[in-house]
Structures are given as C-alpha cells and as structure tokens.
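# Notes for the structure review
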Amino acid sequence: MSSLEIAAILLHEGIHAELRRIYQGNNVVAEPLAAAQYNYLASLWDYYRGVSPASLVSNNASHTFMVYNHVLPIANAIREFDNNTYNLDHYMWFGWEGLSSIGKITNPQLLDSSQETNYLNLQQIPINDNVKHDCDE
C-alpha cells in the first residue's frame, strides 16, 4: 500500500472512532454550541437513532454520516499530505473508499458509477507517481 492509501485508511477509521466517541460520550450537550457545530451533532444523533434518512442508516450510521460530512475533508487531507500535487479529483476516491455503496443510493445520488470509475482511475496517478513522502523512508 502507498502512504496515501494508509493515510486515508487511518483518517477513515479515526473518524469512525471519533463519531462513536461523540455519540457515546455526549448524550446531552451541556454547553451552548455554535449553529454549525450544533447542526453537525444533531445530524449525527439522527443517524445513530435511525431518524434521518431511515432507509440508509440501519447498521451503517457512521458511514452514512461520513458520506454527507467527510468525503471531501478526507480527500482534501490526502491532497494536502501529497503536497497538493494534483487537483482534488485525483484524491476523491480516498474519501469515497468504503463509502461508495451508500453514496450511490443517496437521494439525490452523491456518487454515480461514472464518477466512481473516474475517481478510481485518477487515484492511480498519485499512487503510482513514485513521489516519496517523509513517512516512506
């Protein structure tokens, strides 16, 4: 695996852990939150409770939440890790990896098969460009 792929896996799994920590450790929000932070937490609660949208949640609450909130941040983080070498589309599959099946069934659809193929193909460029990162040595 390339260092980019490893970094993406660590981000993905770290987000799972953080979402679960937030959900389990914060059943009641004790202090006032900024509107954006409140909306983020409120929607996380909805996904874990199976409220929004019920057809997608079941046992995939964190994946569903990540589709709506973390695909782009993961892609941006991997792009930054790669010194912004390529445009963002080259890194989008790093964000979609493990989430694409949910992205294909969202309404409206957030990922279609042609986008998936395009992102997979573009991802191969930074993976195979032989650029060394500090952690590769």
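Look up a bit, the structure's there.
### Quick look at the overall build of the chain
In terms of regular secondary structure, the chain is built from 8 helices and 0 strands. Beginning at the N terminus, the succession of helices and strands in the chain can be written as α-α-α-α-α-α-α-α. Counting all 137 residues of the chain, 36% fall into the buried class. Within the chain, counting contacts between residues at least 6 apart in sequence, those at least 24 apart form 58% of the total. For the chain, the accessible area works out to roughly 8,000 Å², and carbon and sulfur atoms hold 50% of it.

### Remarks on the environment of histidine 90
Secondary-structure assignment places histidine 90 in the loop between helix 5 (71-81) and helix 6 (92-96). Owing to a relative accessible area of 9%, histidine 90 belongs among the buried residues under this scheme. Here the alpha-carbon distance between histidine 90 and isoleucine 78, two residues 12 residues apart in the chain, equals 9.8 Å. Not counting the four nearest positions on each side in its chain, histidine 90 is found in contact with Leu122, Gln123, Ile125 and Pro126.

### Some thoughts on the nonpolar core
Leu19, Ile78, Phe94 and Trp96 are the most contacted members of the largest nonpolar core, which has 29 residues in total. If we skip the residues at most four places from it in the chain, isoleucine 78 touches Leu4, Ala7, Ala8, Leu11, Tyr91 and Phe94.

### Thoughts on the pattern of salt bridges
Using the criterion set out here, one finds 2 salt bridges in the structure. The salt bridge involving glutamate 18 is made with arginine 21; its shortest N-O contact spans 2.7 Å. Taken together, the positions of glutamate 18 and arginine 21, both in helix 1 (residues 3-25) and 3 residues apart, correspond to about one turn of that helix. A relative accessible area of 35% places glutamate 18 in the partly exposed class.

### Describing the environment of serine 62
With respect to the element layout, serine 62 can be found in helix 4 (residues 61-69). Overall, the relative accessible area of 13% leaves serine 62 in the buried class. C-alpha separation for the pair serine 62 and histidine 16, spaced 46 residues apart in sequence, amounts to 6.3 Å. Excluding anything up to four places from it in sequence, serine 62 contacts His16, Leu19 and Tyr48.

### As for unusual backbone geometry
Looking along the chain, the bond that leaves asparagine 107 and enters proline 108 is cis, with omega of 5°. One non-glycine residue with positive phi stands out, namely asparagine 84, at about 50°. Looking at where asparagine 84 falls in the secondary structure, it is placed in the loop between helix 5 and helix 6. Its relative accessible area of 43% is what places asparagine 84 among the partly exposed residues.

Cut-offs used in this document
- Residues numbered from 1 in each chain as written.
- Predicted model: local features only at pLDDT ≥ 70, side-chain atom pairs only at ≥ 80, totals over all residues.
- Heavy atoms only, no water.
- Helix = DSSP H or I, 4+ residues; strand = E, 2+ residues; numbered from the N terminus.
- Buried < 20%, exposed > 50% of the residue type's maximum accessible area, 1.4 Å probe, protein only.
- Contact = heavy atoms within 4.5 Å.
- Areas by Shrake-Rupley, 256 points an atom, 1.4 Å probe, with all protein chains shown as cover.
- Core = buried A, V, L, I, M, F, W, Y, C linked by side-chain atoms within 4.5 Å.
- Salt bridge = Lys/Arg side-chain N within 4 Å of Asp/Glu carboxyl O.

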